[in-house]
Amino acid sequence: MKQLRVGMIGYKFMGKAHSNAYRSVPMFFPDALKPEMVAICGRNEAAVQEAATQLGWNESVTDWKALIARDDIDLIDINAPSDAHKEIAIAAAKAGKHIFCEKPLALTLSDAREMLQAAEEAGIVHMVGFNYRFSPAVKLAKKLIESGRLGKIYHFRGWFLQDWILDPQFPLVWRLQKDIAGSGSHGDLGAHIIDMAHYLVGDIAEVIGMSETFIKERPLASEMTGLSATGSADGPKGQVTVDDATLFLARFENGALGSFEATRFAAGHRCTNSFEINGSLGSIKFDFERMNELQVYFTNDDEDVQGFRRVLATDPAHDYMDAWWPPGHTIGFEHTFTHEVLELANAVAESRQPEPNFRDGVKCQAVLEAVDKSIEERRWVPLSEM
């Protein structure tokens, strides 16, 4: 294969991010398998035609089943709302198509497991979209942990804070409806923190949590685009059926302790996706709002210069950066998707599974549901119960 022929289902926030990545990979990683943007699919014919023109797709279609059946498609990219993931992914797997699916993988753990089973039985390449893994600073964090430079890991604390629905008059978008989104901040934001913890520290053994929905009703949305929407404050309202904030504690299988916080009600926080990890020989801190930096502390530094140091992860020594700009020239959110697509393209070319894949999606979903069970039953829940 010289090209990876892509059919994408969904065309809004994530659709734009994925499209940009498909276009960027050949320019900056010319040795990789080249994505060919064959067709984009959506329910609104006029809107998806406009998206195809804007985002650079060869054509637009409205029937995802027909798209999957086409012989000129190798990969199905699923970034439609969460309630559509399972049906599309299983159909794509049965058709022998590779799959790139946005997170969370499914509405439920049982659905996620069905998707994984279908993908494994079909022998296809499957990937789930945890893009924050692909920040060079996060890759540096992974290397420091794996090399033992932080020693034994004692603590992981992660938080993903946003404020985009702080206004009680913000409309009832699909992300606030459980039957479509599956969950609120827990599954949308918390999933990223959980995957980061799995990636950097290891598997979680047990959890205990709490959650709250601060605004119970919101005006119905008349129009939705990405994370924005319009609606009338004087019009009819609908019930919010997901959490606004979820917090939980965790114990990892390796003995480390974890704390996790996901909220859309943290005023002043646009996208504070952060973690701190403490080990016996040092600590690291990361905040995606300053995604090119990793704060690093080592206990074996001389006493008179001990303290956190700022490492700017933009040198050729840092993953991916030799393909971009001179040292000190930073990259942004969109580059994480380019690196994600690069991993996917390389996995297809090398006949291996990319990381993260559907197994990681299932593992994340198990933690999400264990936390929900803990909240409902007000107790610690072992992951072995899931």
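Right, let's walk through the structure included here. The shown structure was predicted, so the numbers you read here are calculated from the model rather than taken from an experiment.

The next subject is the overall build of the protein. Counting secondary structure elements, the protein contains ten helices and 19 strands. Once the C-alpha set of the protein is aligned to its principal axes, its extents read approximately 65 × 55 × 40 Å. Counting the 386 residues in the protein, one finds 56% classified as buried. Once local pairs closer than 6 in sequence are excluded, the contacts in the protein between residues at least 24 apart make up 70%. Within the protein, the 55 negative side-chain charges are centred at a point lying 1 Å from the centre of the 39 positive side-chain charges.

In space, the nine strands of this open sheet follow the order β18-β17-β16-β15-β7-β14-β13-β8-β19, with mixed pairing throughout. A single partner strand is all that each edge strand has here, and the edge strands are β18 (309-312) and β19 (381-382). Across the sheet, helix α8 (residues 185-200) lies against β7 (153-161), β8 (204-212), β13 (245-252), β14 (257-263) and β15 (272-279), angled at about 155 degrees from β14, the strand it touches most.

It is worth spelling out the packing of helix α6 (residues 136-146) against α8 at this point. As a packed pair, α6 and α8 sit with axes 10 Å apart at the nearest point and diverge in direction by 35 degrees. Contacts from V138, K139, A141, K142 and I145 of α6 reach α8 at M196, Y199 and L200. For the contact of α6 with α8, a count of residues per class yields six nonpolar, no polar and two charged.

The subject of this paragraph is the layout of surface pockets. In this structure, the second largest pocket spans a volume of roughly 240 Å³. Of all the secondary-structure elements, those providing two or more residues to the lining of the second largest pocket are α1 (13-28) and α2 (45-55). Top contributing element to the lining of the second largest pocket by residue count: α2, with five residues. Residue classes in the lining of the second largest pocket are distributed as five nonpolar, three polar and three charged.

Bringing helix α10 (residues 358-377) into the picture now. Over its 20 residues, α10 extends 28 Å from the first C-alpha to the last, a length consistent with the 28 Å expected when each residue adds 1.5 Å. Looking only at α10, the buried set comprises F358, D360, G361, V362, C364, Q365, A366, V367, L368, A370, V371 and S374. One side-chain oxygen of the residue at the start of α10 lies 2.9 Å from the amide nitrogen of R359, identifying that residue as N357. Among the residues trailing α10, R378 stands out with phi positive, at a value near 55 degrees.

A word on the nonpolar core. The biggest cluster of nonpolar side chains holds 117 residues, and the ones touching the most others in it are F260, F275 and I284. Membership of the second largest hydrophobic core comes to ten residues, among which are I165, V173, V242 and F265.

Another aspect to go through is the pairing of strand β17 (residues 293-298). In terms of burial, β17 is a largely internal element, five of the six residues being buried. Of the pairings in the sheet, the one linking strand β16 (residues 282-287) to β17 comprises four bridges and is antiparallel in character. Paired with S283 across the two strands is Y297, which belongs to β17.

Along an α-helix, residues three or four positions apart point the same way, because every turn accommodates 3.6 residues. With 16 residues, α1 should reach 22 Å at 1.5 Å per residue; the first-to-last C-alpha distance of 23 Å fits that figure. Within the span of α1, buried status applies to M14, G15, A17, H18, S19, A21, Y22, S24, V25 and F28. In this structure, the buried residues of α1 make contact with β1 (3-9), β2 (34-41), α2, β4 (75-78), β5 (98-102) and α9 (333-350).

Scanning all chains against the criterion turns up 26 salt bridges. The closest approach of N and O atoms between D319 and K143, which form a salt bridge, is 2.8 Å. Taken together, the positions of D319 in the loop between β18 and α9 and K143 in helix α6 put the pair 176 residues apart, joining distant regions of the chain. A residue is classified by how much of its surface remains accessible, and D319, at 25% relative accessible area, is partly exposed. Taking the shortest distance from any N to any O, the salt bridge between R157 and E276 comes out at 3.6 Å. Placement of R157 in strand β7 and of E276 in strand β15 is noted, with a sequence separation of 119 residues between them. Judged by its relative accessible area of 17%, E276 is buried. Here the salt bridges do not stand alone but share partners, grouping K103, R175, D188 and R264 into one network.

The next point concerns the side chain of D301. In this fold, D301 is placed in the loop between β17 and β18. The residues contacting D301, other than those within four sequence positions of it, are Q306 and R309.

Calculation notes
Residues numbered from 1 in each chain as written. Predicted model: local features only at pLDDT ≥ 70, side-chain atom pairs only at ≥ 80, totals over all residues. Heavy atoms only, no water. Helix = DSSP H or I, 4+ residues; strand = E, 2+ residues; numbered from the N terminus. Buried < 20%, exposed > 50% of the residue type's maximum accessible area, 1.4 Å probe, protein only. Contact = heavy atoms within 4.5 Å. Lys, Arg positive; Asp, Glu negative; His and termini not counted. Charge placed at Lys NZ, Arg CZ, Asp CG, Glu CD. Pairing = 2+ DSSP bridges. Axes fitted to C-alpha atoms, helices over the stretch in contact; angles between N-to-C directions. Nonpolar A, V, L, I, M, F, W, Y, C, P; charged D, E, K, R; others polar. 1 Å grid on protein atoms, 1.4 Å probe; cavity = no way out; pocket = protein on both sides within 12 Å on 5 of 7 lines; lining within 4 Å. Points joined across faces, edges and corners; volume = space filled by probe spheres on them. Expected span 1.5 Å × (residues − 1). Polar contact = N/O pair within 3.5 Å; in protein donor to acceptor, adjacent residues only side chain to side chain. Core = buried A, V, L, I, M, F, W, Y, C linked by side-chain atoms within 4.5 Å. Salt bridge = Lys/Arg side-chain N within 4 Å of Asp/Glu carboxyl O.

Limitation: the analysis is restricted to geometry and does not speak to function.
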